[in-house]
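Close look at the chain arrangement
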Amino acid sequence: MNAVSVATIAPEPAAVTRRPMAGDSADILADIYQTEVNMAVWQRQTAPELVADIKKLLDLNRFTSERLIVPSAKIDRLEETLPSLAECPHLKADIQRLVDMFSCLFELSAVGLRLTTLKSAMCPRFHVDRVPCRLITTYVGPGTEWLPHDSVDHSKLGAGSGGLSDEDSGLYRRTQPVQTIASGHVALCKGELWQDNLGAGCVHRSPALAVGEQRLLLTLDFSSTD
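Numbering of residues starts from 1 in every chain and runs along the sequence as written. Residue-level local features of this predicted model are given only where pLDDT is at least 70; pairs of side-chain atoms are given and counted only at 80 or more, and the full residue set underlies all totals for whole chains, interfaces and linings. Heavy atoms from the whole structure form the basis of all side-chain values; hydrogens and water molecules are not counted.

Observations regarding the overall build of the protein chain
Each helix corresponds to a stretch of at least 4 residues labelled H or I by DSSP, and each strand to a stretch of at least 2 residues labelled E; elements are numbered beginning at the N terminus. Counting secondary structure elements, the protein chain contains 3 helices and 10 strands. In sequence order, the secondary structure elements of the protein chain are arranged as β-β-α-β-α-α-β-β-β-β-β-β-β. Considered along the principal axes of its C-alpha atoms, the protein chain spans approximately 90 × 40 × 35 Å. A simple rule labels every residue: compare its accessible area, found with a 1.4 Å probe on the protein chains alone, to the largest value its type can have, and call it buried under 20%, exposed over 50%, or partly exposed in between. By residue count, 45% of the 226 residues in the protein chain fall in the buried class. Taking the intrachain contacts of the protein chain between residues at least 6 apart in sequence as the baseline, contacts between residues at least 24 apart amount to 77%. To be clear on the numbers: accessible area is Shrake-Rupley with a 1.4 Å probe, and residue cover counts the displayed protein chains and nothing else. Total accessible area on the protein chain is roughly 12,100 Å²; 53% of this is exposed by carbon and sulfur atoms. Here the protein chain contributes 22 positive and 28 negative side-chain charges, whose respective centroids are spaced 4 Å apart. Contacts are residue-level and defined by heavy atoms, with any inter-residue pair within 4.5 Å sufficient. Counting rule for charge: Lys and Arg are taken as positive, Asp and Glu as negative, and neither His nor the chain ends is counted. To locate a charge, take NZ of a lysine, CZ of an arginine, CG of an aspartate or CD of a glutamate.

Take a look at the structure:
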């Protein structure tokens, strides 16, 4: 009897799923290492003395932005690299704490720091970052907006929008409300360069600002001393 050849049908690949995690303890940030998590948010309360320092910094009307590389060995001497915050010790201490946490969590030799005031949307279109992971916190003003992974058609990002707005391109379901990272909360957002995360980076954008409104935004990125 002749053997009958039976074609093997390969199973369809499982759909990529990603979800956010949130909690009121800083420990939640370690959940970013879970494969299915593309955003971890520490929903912290902002201390009154920190709020006072932020108001002081903005009232000085001198500060615009700082962008620098902080070697991990110099994190505890942040006053040397951020002299513009000399009059805001609580804000400086908070930034130092976040830089230290970020550096330790990812075992970095250096951290890329950007602290900036904004009076308009810096990145008004939804996008994904070409980084492994980024820390984002808005000290004052509207927080960063984001979309759940399963509500996004990633083919409509960037040039795929065909020149249409995010709302009209089909990027996300119009019935899906845009989510916001609350002011003061600390978020870790995976980008496209995280291992095995291509096509699953956290989709986010800067919020629109009303006339006279401003944000104080801190972002931290992977860097090195090489």
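Moving on, there is more to tell.
Structural notes on the environment of Lys55
Along the polypeptide, Lys55 turns up in helix α1 (residues 48-60). The exposure class of Lys55 is exposed, given its relative accessible area of 52%. Each C-alpha atom, one on Lys55 and one on Tyr139, is 9.9 Å from the other, the two residues being 84 residues apart in sequence. A distance of 2.8 Å separates a polar atom in the side chain of Lys55 from a polar atom in the side chain of Asp59. Distance and chemistry together define a polar contact, namely a pair of N or O atoms within 3.5 Å, with one atom able to donate a hydrogen and the other to accept it when in protein, and with adjacent residues in sequence counting only for side-chain atoms on both sides.

Digging into the nonpolar core
Nine residue types can take part in a nonpolar core, namely buried Ala, Val, Leu, Ile, Met, Phe, Trp, Tyr and Cys, and a core is a set of them joined through side-chain atoms within 4.5 Å. By size, the foremost hydrophobic cluster in this structure holds 38 residues, and its most contacted members are Leu91, Ile95, Leu113, Leu115, Tyr139 and Leu220. The set of elements that each furnish at least two residues to this core consists of β2 (37-42), α1, β3 (65-71), α3 (89-106), β4 (110-118), β5 (133-140), β8 (186-190) and β10 (215-223). Sorting elements by how many residues they give to this core places α3 first, with 6 residues. Among residues more than four places away in sequence, those in contact with Tyr139 are Arg44, Leu50, Ile54, Leu91, Asp94, Ile95, Leu98, Leu115, Ser183, Leu216 and Leu218. By size, the runner-up hydrophobic cluster in this structure holds 10 residues, among which are Met39, Trp146, Cys189 and Cys202.

These figures capture arrangement, not role.
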